[in-house]
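# Understanding the architecture of this molecule
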Amino acid sequence: MIFDTHAHYDDEAFSEDREDLIASLKEAGIGHVIDVGASKASQPLVKGLADRYDFIYGALGMHPDEVGDLDDRLWEYIKEGLDHDPKIVAVGEIGLDYHWDVQPHDVQIHWFKEQIRLAQERDLPILVHSRSAAADTMAVIQELYGEGTPGFAMKRKGIIHCYSYSLEQAKLYTGLGFYLGIGGVVTFKNVRKLKKVVTEIPLDHLLLETDCPYMAPEPNRGKRNSSFYLPYVVQAIADLKGISTEEVEDTTWKNAMDLFQIPV
Ligand code: NI
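## Considering the sheet that holds strand S2 (residues 30-36)
- With respect to topology, 8 strands assemble into an open sheet ordered S1-S2-S3-S4-S5-S6-S7-S8, the strand pairing being parallel. On the outer flanks of this sheet lie strand S1 (2-7) and strand S8 (206-208), each paired with one strand and no other. Neighbouring strand axes in the sheet, compared pairwise and without regard to direction, differ in orientation by 30 degrees on average.
- In the sheet, S1 pairs with S2 via 4 bridges, with the strands oriented parallel. Across the sheet, residue aspartate 4 finds its bridge partner in S2, namely valine 33.
- Running over the sheet, helix H4 (residues 105-121) touches strand S4 (88-97) and strand S5 (126-131) and is turned about 160 degrees from S4.

Following this line, the structure appears as structure tokens:
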């Protein structure tokens, strides 16, 4: 079975057919989904989906583009969900985005660290969004999860979602115990760096994700993405590593079950 560790089924791109689509995921071999918060509006929607569907779990947290909307009320709402809702299993997505640069870097870094603290206080994993911000993301992770810090001792650290950086950085992240989220991009041509990462980094450190409605794999690139397309990602990883698709599914499934501590 396939574990989709990063989806946005709360997104309006699914407004027309959300219920039918979610209802047919299980027969397509999608065993679990983490629906991930990003904006202010998405937090209650994530919680609603996780409460309604037994196989959907949720992550609450504010995307770096959206941290300007954080206020006391929303902060309390996120904490309440993390503390009291057993279906909320991670803090995310949080991080740094210097590509769109919607918020000043110091503001992004401040809220990235504050949200990491929410996770660390509760022994929860984080789902990290990082775009065009390799050095600063690594600096924050080293500061809060590096050797000698309390975060280093945590068994479950988190995922660098939609991993796009170098093999050297990948080794540092996985050396600390982070997983790399691999999605549709691995099926694209001209992504030699990512293909090298997927080839070299052991499967024990990789997870499957869609980031749907975005990031649809070939041959559906540019269309609305969903967990139904994950077999293309599984096939691409299997081809790069020279292993079976079953092994990719089974190992990434087990990785995700361990990380999110989903009851069997
Ligand atoms: Ni996302």
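Structure shown, so let's carry the discussion forward.
## A few points about the state of the cysteines
- In total, this model carries 0 disulfides according to the counting rule given.
- We note that cysteine 162 lacks a disulfide partner, and the nearest cysteine sulfur, in cysteine 212, lies 12 Å from it.
- For cysteine 162, a relative accessible area of 22% corresponds to the partly exposed category.

## Side note on the coordination of the nickel ion
- Of the protein atoms, only His6 (NE2), His8 (NE2), Glu93 (OE) and Asp211 (OD) coordinate the nickel ion, at distances of 2.1 to 2.2 Å.
- Mapped onto the polypeptide sequence, the residues donating to the nickel ion form the spacing pattern H-x1-H-x84-E-x117-D. Of the two residues, histidine 8 is situated in the loop between S1 and helix H1 (18-23) and glutamate 93 in strand S4; the sequence distance between them amounts to 85 residues. Each of the two residues, histidine 8 as well as glutamate 93, counts as buried.

Cut-offs used in this document
Each residue is numbered by its place in its chain's sequence as written, counting from 1. Where local features are concerned, this predicted model is filtered to residues with pLDDT of at least 70; where side-chain atom pairs are given and counted, the filter is 80 or more; whole-chain, interface and lining totals use all residues. Processing note: side-chain calculations cover all non-hydrogen atoms of the structure and skip hydrogens and water entirely. A pair of strands is considered paired only if DSSP assigns at least 2 bridges between the two. In this text, helices come from DSSP runs of H or I with a minimum length of four residues, and strands from runs of E with a minimum of two, each type numbered from the N-terminal end. Only the stretch in contact is used when fitting a helix axis, every axis being a line fitted to C-alpha atoms; angles between N-to-C directions are given from 0 to 180 degrees. Should any heavy atoms of two residues lie within 4.5 Å, those residues are counted as being in contact. The criterion for a disulfide is a pair of cysteine sulfur atoms lying within 2.5 Å. Think of it in three bands: residues with accessible area under 20% of the maximum for their type are buried, residues over 50% are exposed, and the middle band is partly exposed, with areas taken using a 1.4 Å probe on protein chains only. The donor set covers N, O and S atoms within 2.8 Å of the metal, switching to 3.2 Å for Na, K and Ca, and it leaves out water, so a site may look short of donors.

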